[in-house]
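Residue-level listing of the chains:
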Amino acid sequence: MSHDLDPEIAAVLDETVQRFGPAPNHLPGNPVAARQDVELRRAFVNLGGPQMREKRDLTIELAGRSIPARFFVPEGETRGLLVWFHGGGWVQGSIDTHDRLCRALAAGAGTRVLSIGYRMAPEFPFPAPLDDCFDAFVWARKNAETLGATPDKLAVGGDSAGGNLAFGVTVRLAAQNLPVPAAHIGVYGVYDSDLDTPSYLAPFGDGRYGLSRAAMAMYWDMYCPDAKRREHPEAAPLRASDMTIFKRPYIMAAGLDPLRDDSRKMRDKLVASGVDTVYVEFPRANHAFVHLGAFAAVSRETVAQMSAHLARAFSV
């Protein structure tokens, strides 16, 4: 693996290939097989991590459908509730692939976490995944006290496509004049549909560190086949006309990630709008590195920073 990467990240990526072989190219023809492969590889890095006082699966009943969720309560006193949307290009990932990350955030922030298993593309393209995330957040607000929180102490967060969905939920909440979350966590999020930013066109856009520009083009084609609809701020939150709807944002980027400039552009637009924004970029990290907490210090550091941000937001 290249010396450009943090050596601990490089080592675990090499070990993953040794254990499971190179990632197969199941998409776009076989999303089910692609999901199964991601589950297998992520289970390896999900081992260990903080234990919870309570961890249970539940089903959220929504209009005409039901979706799975997982609820985490750490040891000790808790404050607030983080509603988390997993990444995976709107096509892959699950509450299982993000289990360790949600436990780490719950323990680190001293907060409860509700991880949402939304419907995925290509079977359910835009806006179906966002519909599920939006309705799940509204459900969480309505049931906040039952979940051990209060309606004014709810945050949203997500990584990659999950960051897109988290910020998209707020766009829709604001459009409907509903209360927006108290804080936002965006982990190398997909904030726009522009695939011609410098980081997409950089040498690492070829996928040498995992995610590629070609893969993102494919994900967008599966998630939102109508290119014109990708300009809607619910699909591309960076295009929101009012950035002040995003309260207490924490924006994290990986320096060797094709999505890096999405985070930089989101930071710049938030700051230009007068929003107090925390932005952190890890120059030697790749896309999805946040899941490597069992192996890499830089992964544990970013989770610690996100946790501290949430704890501060919920203490106001």
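Residues numbered from 1 in each chain as written. Predicted model: local features only at pLDDT ≥ 70, side-chain atom pairs only at ≥ 80, totals over all residues. Heavy atoms only, no water.

Caption draft 1: Just the overall build of the protein chain, in detail. Check the secondary structure of the protein chain and you find nine helices and eight strands. Rg of the C-alpha trace for the protein chain: 18 Å, near the compact-globule value of 20 Å for 316 residues, within the 12% margin. Based on the C-alpha atoms only, the size of the protein chain along its principal axes is roughly 45 × 45 × 40 Å. Counting only residues that meet the buried cut, the protein chain has 59% of its 316 residues in that class. Within the protein chain, residue pairs in contact and separated by at least 24 positions form 76% of the contacts whose partners lie at least 6 positions apart. Carbon and sulfur atoms provide 53% of the accessible area of the protein chain, an area that totals close to 12,300 Å². Charge centroids of the protein chain, computed over 34 positive and 37 negative side chains, lie 3 Å from each other. (Helix = DSSP H or I, 4+ residues; strand = E, 2+ residues; numbered from the N terminus. Rg over C-alpha atoms; globule rule 2.2 N^0.38 Å. Buried < 20%, exposed > 50% of the residue type's maximum accessible area, 1.4 Å probe, protein only. Contact = heavy atoms within 4.5 Å. Areas by Shrake-Rupley, 256 points an atom, 1.4 Å probe, with all protein chains shown as cover. Lys, Arg positive; Asp, Glu negative; His and termini not counted. Charge placed at Lys NZ, Arg CZ, Asp CG, Glu CD.)

Caption draft 2: Expanded view of the pattern of salt bridges. Here the structure, examined in full by the defined rule, presents 25 salt bridges. Linking Lys55 and Asp99 is a salt bridge whose minimum nitrogen-to-oxygen distance equals 3.1 Å. With Lys55 in strand β1 (residues 54–62) and Asp99 in helix α3 (residues 99–109), the pair connects residues that are 44 residues apart, well separated along the chain. Judged by its relative accessible area of 7%, Asp99 falls in the buried class. In this structure, the salt-bridge partner of Asp99 is Arg70, at a minimum N-O distance of 2.9 Å. (Salt bridge = Lys/Arg side-chain N within 4 Å of Asp/Glu carboxyl O.)

Caption draft 3: Looking closely at the side chain of Thr111. Within the secondary structure layout, Thr111 lies in the loop between α3 and β4 (112–116). Not counting chain neighbours up to four residues away, the residues in contact with Thr111 comprise Phe72, Pro74, Thr78, Arg79, Gly80, Leu81, Leu82, Leu105, Ala106 and Phe314.

Caption draft 4: How the structure looks around α3. Across the 11 residues of α3, nine count as buried, placing the element largely inside the fold. All buried positions along α3 are accounted for by Asp99, Arg100, Leu101, Cys102, Arg103, Ala104, Leu105, Ala106 and Ala109. Looking one or two residues beyond α3, the residue adopting positive phi is Gly110, at roughly 65°.

Caption draft 5: Summary view of the packing of helix α4 (residues 128–142) against helix α5 (residues 161–175). Relative to each other, α4 and α5 sit at 70°, their axes nearing to 9 Å. Put simply, α4 runs roughly perpendicular to α5. The two elements α4 and α5 meet at a crossing, and its hand is right-handed. In this structure, α4 contributes Pro129, Leu130, Asp131, Cys133, Phe134, Phe137 and Val138 to the contact, and α5 contributes Leu165, Gly168, Val169, Arg172 and Leu173. (Axes fitted to C-alpha atoms, helices over the stretch in contact; angles between N-to-C directions. Parallel < 35°, antiparallel > 145°, perpendicular 65-115°, else oblique. Left-handed = near helix turned anticlockwise from the far one by under 90°.)

Caption draft 6: Representation of unusual backbone geometry within the structure. Following Ala121, the chain continues to Pro122 via a peptide bond in cis, the omega torsion being 0°. Residue Pro127 is reached from Phe126 by a cis peptide bond, and omega for that bond is 10°. One can find Pro127 in the loop between β4 and α4. Its identity as a non-glycine residue notwithstanding, Trp90 has a phi of 65°, on the positive side. Trp90 gets classed as buried once you look at its relative accessible area, which sits at 0%.

Caption draft 7: The arrangement of the side chain of Thr277 in detail. Assignment of secondary structure puts Thr277 in the loop between α8 (260–272) and β8 (278–282). According to the relative accessible area criterion, Thr277 is buried, its value standing at 17%. At a separation of 2.9 Å, a polar atom in the side chain of Thr277 contacts the main-chain carbonyl oxygen of Val275. (Polar contact = N/O pair within 3.5 Å; in protein donor to acceptor, adjacent residues only side chain to side chain.)

Caption draft 8: Quick peek at helix α9 (residues 297–315). The end-to-end C-alpha distance of α9 is 27 Å, a good match for the 27 Å that 19 residues give at a rise of 1.5 Å each. Along α9, the residues that are buried comprise Val298, Ser299, Thr302, Val303, Met306, Ser307, His309, Leu310, Ala313 and Phe314. (Expected span 1.5 Å × (residues − 1).)

Caption draft 9: Region of interest: the nonpolar core. By size, the foremost hydrophobic cluster in this structure holds 64 residues, and its most contacted members are Phe85, Leu114, Met216 and Tyr219. Look past the residues within four positions of Leu114 in its chain and what remains in contact with it is Leu58, Ile60, Ala69, Arg70, Phe71, Leu81, Leu82, Val83, Trp84, Trp139, Ala140 and Leu147. In this structure, Ala155, Ala202, Ala296 and Ala313 belong to the second largest nonpolar core, which totals 42 residues. (Core = buried A, V, L, I, M, F, W, Y, C linked by side-chain atoms within 4.5 Å.)

Caption draft 10: Region of interest: the environment of Gln305. Along the chain, the position of Gln305 falls in helix α9. For Gln305, a relative accessible area of 23% puts it in the partly exposed group. Each C-alpha atom of the pair Gln305 and Pro122 lies 34 Å from the other, and the pair is 183 residues apart in sequence. Among residues more than four places away in sequence, those in contact with Gln305 are Tyr250, Val280 and Phe282.

Caption draft 11: Geometry of the pairing of β1. When β1 meets strand β2 (residues 65–73), the two strands line up antiparallel, connected through nine bridges. Each residue of the ladder has a partner; that of Asp57, found in β2, is Arg70. Turn length for the β1-β2 hairpin, with the two strands adjacent in sequence and antiparallel, is two residues, and the turn residue Gly64 shows positive phi of about 75°. (Pairing = 2+ DSSP bridges.)

Caption draft 12: Representation of the packing of helix α1 (residues 7–20) against helix α2 (residues 31–45) in the model. Axis separation between α1 and α2 bottoms out at 11 Å; the angle between their running directions is 130°. The angle between α1 and α2 falls in the class oblique. In this structure, α1 crosses over α2, and the sense of that crossing is right-handed. Residues Val12, Glu15, Thr16, Arg19 and Phe20 of α1 form the contact with α2, whose participating residues are Leu40, Arg41, Phe44 and Val45. A class-by-class count of the residues in the contact of α1 with α2 yields five nonpolar, one polar and three charged. (Nonpolar A, V, L, I, M, F, W, Y, C, P; charged D, E, K, R; others polar.)

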